[in-house]
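# Geometric and topological summary
The residues making up each chain are set out below.
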Amino acid sequence: MLQFIIRRLIYAVATMFAISVVSFVIIQLPPGDFLTSYAASLAQQGDAIAPEQLEALREAYGLGQPIYIQYLKWISGVLRGDFGQSMEWRAPVSSLIWDRMGFTVMISASTILFVWAFAIPVGVYSATKQYSIGDYFFTFLGFLGLAIPNFMLALVLMWIGFSVFGQNVGGLFSPEFENAPWSLAKFLDMLSHLWIPLLVIGTAGTAGLIRTMRANMLDEINQPYVETARAKGLKEGRLIWKYPVRVALNPFVSTVGYALPELVSGVIIVAVVLNLPTVGPLLLRSLLSQDMFLAGAIVLLISIMTVIGTLLSDILLAWLDPRIRLD
Amino acid sequence: MDMNSSLQKGQTARQADEQAGPQELPGDYSIDETTIEEKISIATPRQLMWWKFRKHRVAVASLFVLAVFYVVGFIGAEFFSPYDPNAFSAAYKFVPPMGISFIDAEGNFSLNPGVFRVESERDPNTLREIWTTDYSTWYPIHFFVEGVPYKLFGLFETNIHLFGLGEEAEGMPIFLLGSDRLGRDMVSRVLYGARISLSIGLVSVFLSLFLGILLGGVSGYYGGWIDNVIQRVIEFIRSIPSLPLWMALSAALPPEWPQEMRYFGITIILSVIGWTGLGRQVRGRFLALRNEDFVLAARLGGARDMRIILRHMVPSFMSHIIASLTLSIPGVILAETALSFLGLGLRQPVISWGVLLQEAQNIRTVALSPWLMLPGLAVVITVLAFNFLGDGLRDAADPFSR
């Protein structure tokens, strides 16, 4: 087990290195170096920057030096928690993203829990009651969930919320709690807003996972060991949950690694529509204004978060299913 | 039946020999048992696939829906749309969809459908324009009316549009799906948008296919370290969320690029990240086929690698590839829609469904003019249809199973 974890860890670190290279390339993509555009945008606002200061910044970021030195300077800063300066906000990137990152992780994690809590029982139900009306209903729902773009569903829910209930369903807090310090009331207020993003982001992921769970269950449910248990007089409900479900869960856990990146993509775009305080809207804005250090940092952190999530699900799988460890 | 005969026409002489004899159309279930069995035993793989595909009713219906979409939007958008998609009319902003009515103002039934007149007034408090329907004035819809000139199929100069309103409407335009903030007709815009949205899926998937067959093929055929490298790359791409990458890459497209360049830029960005699924499929197939006897026979016969791959291996899994190709089109369409919706993909004046949905981005517009979300319905139908079609094709790709 330990060996397995170590191997996965090494692999994850290698992936993170590749991610950092991609993020650095993204920062470098816009034409011209960012200091020139930084100076230009300052000048536009009638706010000149002293040549010495510009030179000092140039030195700090290693501009004009070979590209790998620039990368090394950037990545060593990142490892110390310094993601560079945000041009648009005139503040260090790290001061802008951390609480938004926190909300992103929170929403992604609770969406996964929501999706699991929904997909597993429904998958089991669909398999045990194959070709029943309920099975067809969930199959149809699944296809629909796959076909409706996340943001479309968010828009429709907002429209319904507005025209039926007469309230704006966007955001994560009511206006009175927006800037309030954390308290029980604020937490409860957040919970009352949280279900919409969960529902919206969850639908797409749930659809696929229900199908997987259903197929796994159908493979297991006719196995001889199930029949044996039934012949011994085990009650049907207890039988299903104790034997085939536990076996069917293993391949299910392994699909989570693929579901996670998709889910994070969903969190980003839904957050833009619903105006959630996550990194989604910030990423969009930074890309539109070519605020590349901010954009690069967000891409980096989001991808690393996904890799960590996948790593955790891999370890969970190995813990559940000893066969994986020997692979 | 129509497709069936064209399918047969496309077959080679050798295949035609094999099915010599019975002239009845295949799948004609009125014939007795023995002939069905005979038919199955002498049918070509292509025929078996077609029969199997036809059993999947939803897939056949989806194929039909998609065919209609492509014909209406792709080939004939100019003819089917009543107006130029960019023509605006300041007097008719945010008009809700006009209902088609077969009952005219006098309450008489008319075979020719028509619409009632709409009038605008201002809300005295909010100064917002409110549209009301005047049920005492009814205008019949005219068919094959003259309008903006265009070139049908890019060849024939004409100005005939499928439908529109006549002189008696006193200049009132017909907005079956409503109008947007500049008074542009949503029907025309959705139809023109179909051209971009439906083509970007095909173009990008073919690019992905090229990359997938090339890299997946190399990976599966040669194996060894090169397989290892390509597999790690695929795993890496799949382990990070694609949307932020797509967003960052399309934001980096130079803003001064003309629209066609932008279109191709987006297509390339979508397929550079999207080829991995197909790459995996192709690799798996190559791995499975590499040790088959007929491949060995070809190799012993002295065929070169390229010939073995293209003449012996690719044809045997092409049907599977086509099925997974169909299943990957929806992803591309959704991705383009999402990017354009965010303002990072295609931009005005280019019209795609995503660009149209951008108009419905804020809660005010959505609440007051929900019909601006209709292009999203087009996306949903298209994606559903492609999914069902792909499902049917996947079943048909292996006609010998059960």
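Residues numbered from 1 in each chain as written. Chains lettered and ligands numbered in written order. Predicted model: local features only at pLDDT ≥ 70, side-chain atom pairs only at ≥ 80, totals over all residues.

## Describing the overall build of chain B
- Within chain B one finds 16 helices and 4 strands.
- Structurally, chain B occupies a C-alpha span of about 85 × 60 × 40 Å along its principal axes.
- Classification of the 402 residues of chain B by burial places 36% in the buried group.
- Of the contacts formed within chain B by residues at least 6 apart in sequence, a portion of 69% connects residues at least 24 apart. (Helix = DSSP H or I, 4+ residues; strand = E, 2+ residues; numbered from the N terminus. Buried ≥ 20, exposed ≤ 12 C-beta atoms within 10 Å, placed from the backbone. Contact = placed C-beta atoms within 7 Å.)

## Things to note about the interface of chain B and chain A
- At the interface, 33 residues of chain B touch 40 residues of chain A.
- At the level of secondary structure, the elements contributing two or more residues to the side of chain B that touches chain A comprise helix H8 (224-239), helix H9 (242-251), helix H13 (305-342), helix H15 (363-368) and helix H16 (374-397) of chain B.
- Ranked by residues supplied to the side of chain B that touches chain A, first place goes to H9(B) with 7 residues.
- When the residues that make up the side of chain B that touches chain A are grouped by side-chain class, the tally is 26 nonpolar, 6 polar and 1 charged. (Nonpolar A, V, L, I, M, F, W, Y, C, P; charged D, E, K, R; others polar.)

## Topic: the pairing of strand S2 (residues 109-122) of chain B
Residue and element names in this part refer to chain B.
- Inspection of the sheet shows strand S1 (residues 101-103) paired to S2 by 2 bridges, in the antiparallel sense. When the bridges of S2 are listed, Ser101 appears paired with Gly114.
- Hairpin connection from S1 to S2: 5 residues lie between these consecutive antiparallel strands, with Gly107 at a positive phi of about 85°.
- Looking at chain direction, S2 and strand S3 (residues 129-152) are connected through 9 bridges and run antiparallel. From the neighbouring strand, Arg122 faces S3, where its bridge partner is Glu129.
- Connecting S2 to the antiparallel partner S3 that follows it, the hairpin turn spans 6 residues, and Leu127 within it adopts a positive phi of roughly 60°. (Pairing = 2+ DSSP bridges.)

## Brief notes about the packing of helix H5 (residues 57-75) of chain B against helix H7 (residues 186-222) of chain B
Residue and element names in this part refer to chain B.
- Contact pair H5 / H7: the axes reach a minimum separation of 7 Å and the direction vectors enclose 115°. In terms of orientation, H5 and H7 fall into the roughly perpendicular class. In this structure, H5 meets H7 at a crossing whose hand is left-handed. For the pair formed by H5 and H7, the contact residues are Phe69, Tyr70, Val72, Gly73 and Phe74 on the first element and Leu191, Ala194, Arg195, Leu198 and Ser199 on the second. (Axes fitted to C-alpha atoms, helices over the stretch in contact; angles between N-to-C directions. Parallel < 35°, antiparallel > 145°, perpendicular 65-115°, else oblique. Left-handed = near helix turned anticlockwise from the far one by under 90°.)

## Quick word on the sheet that holds strand S4 (residues 156-165) of chain B
Residue and element names in this part refer to chain B.
- Taking strand neighbours across the sheet as the criterion, the 4 strands line up as S1-S2-S3-S4 in an open arrangement whose pairing is antiparallel. The two strands at the open ends of the sheet, each matched to only one other strand, are S1 and S4. For this sheet the average axis-to-axis angle between neighbouring strands, irrespective of direction, equals 50°.
- Note that S3 and S4 share 8 bridges and pair antiparallel. Counterpart to His142 in the pairing with S4 is Gly164.

## Points about the packing of H7(B) against H13(B)
Residues and elements named next belong to chain B.
- Two numbers describe how H7 lies on H13: the axes approach to 8 Å, and their chain directions differ by 135°. Classified by the angle between their axes, H7 and H13 sit oblique to one another. Our pair here, H7 against H13, has a crossing hand that is right-handed. Between H7, through Ser197, Ile200, Gly201, Leu202, Ser204, Val205, Ser208, Leu209, Gly217 and Tyr221, and H13, the contact on the second element is made entirely by Ile309, Leu325, Ser328, Ile329, Val332, Ile333, Glu336 and Thr337.
- Across the contact of H7 with H13, the residue classes break down as 10 nonpolar, 7 polar and 1 charged.

## Remarks on the nonpolar core
- Counting residues in each nonpolar core, the largest one holds 154 residues, and the members touching the most others are A:Val270, A:Ile298, B:Met247 and B:Ala248.
- The biggest single contributor to this core is helix H11 (residues 244-274) of chain A, with 17 residues.
- In this structure B:Met247 touches A:Leu283, A:Leu284, A:Leu287, B:Leu339, B:Leu342 and B:Leu344, once residues within four positions along its chain are discounted. (Core = buried A, V, L, I, M, F, W, Y, C linked by C-beta atoms within 7 Å.)

## Overview of unusual backbone geometry
- The phi angle at A:Asn275 is positive, at roughly 55°, despite the residue not being glycine.
- With respect to the secondary-structure elements, A:Asn275 resides in the loop between H11 and helix H12 (279-288).
- We classify A:Asn275 as partly exposed; it has 16 C-beta atoms within 10 Å.
- Phi at B:Phe144 is positive, roughly 55°, even though this residue is not glycine.
- For B:Phe144, the location among the structural elements is in strand S3.

## Looking at the confidence of the model for chain B
Residue and element names in this part refer to chain B.
- Of all residues in chain B, 91% attain a pLDDT of 70 or more, and the chain-wide mean is 80.
- Mean pLDDT values over the elements of chain B span from 41, in helix H1 (residues 2-9), up to 90, in helix H14 (residues 353-358).
- The low-confidence segment residues 1-24 (pLDDT under 50) makes 17 contacts with residues lying over four places distant or belonging to another chain.
- Interface confidence for the predicted complex, expressed as ipTM, amounts to 0.83; the pTM equals 0.82. (pLDDT = per-residue confidence, 0-100.)

## Digging into the environment of A:Thr310
- In this structure, A:Thr310 sits in helix H13 (residues 292-320).
- Counting along the chain gives 52 residues from A:Thr310 to A:Tyr258, while the straight-line C-alpha distance between them is 8.0 Å.
- The contacts of A:Thr310, once residues within four sequence positions are left out, are A:Gly257, A:Leu260 and B:Ser239.

## A few points about the environment of B:Val190
Residues and elements named next belong to chain B.
- Assignment of secondary structure puts Val190 in helix H7.
- For Val190, a count of 22 C-beta atoms within 10 Å corresponds to the buried category.
- Considering only alpha carbons, one finds Val190 and Gly73, 117 residues apart in sequence, at a separation of 8.2 Å.
- If we ignore the near neighbours within four places in the chain, the residues touching Val190 are Leu177, Leu356, Leu374, Pro375 and Ala378.

## Some details on helix H9 (residues 224-231) of chain A
- Of all the 8 residues making up H9(A), 0 are buried; the element is thus mostly uncovered.
- Among the residues trailing H9(A), A:Gly233 stands out with phi positive, at a value near 95°.

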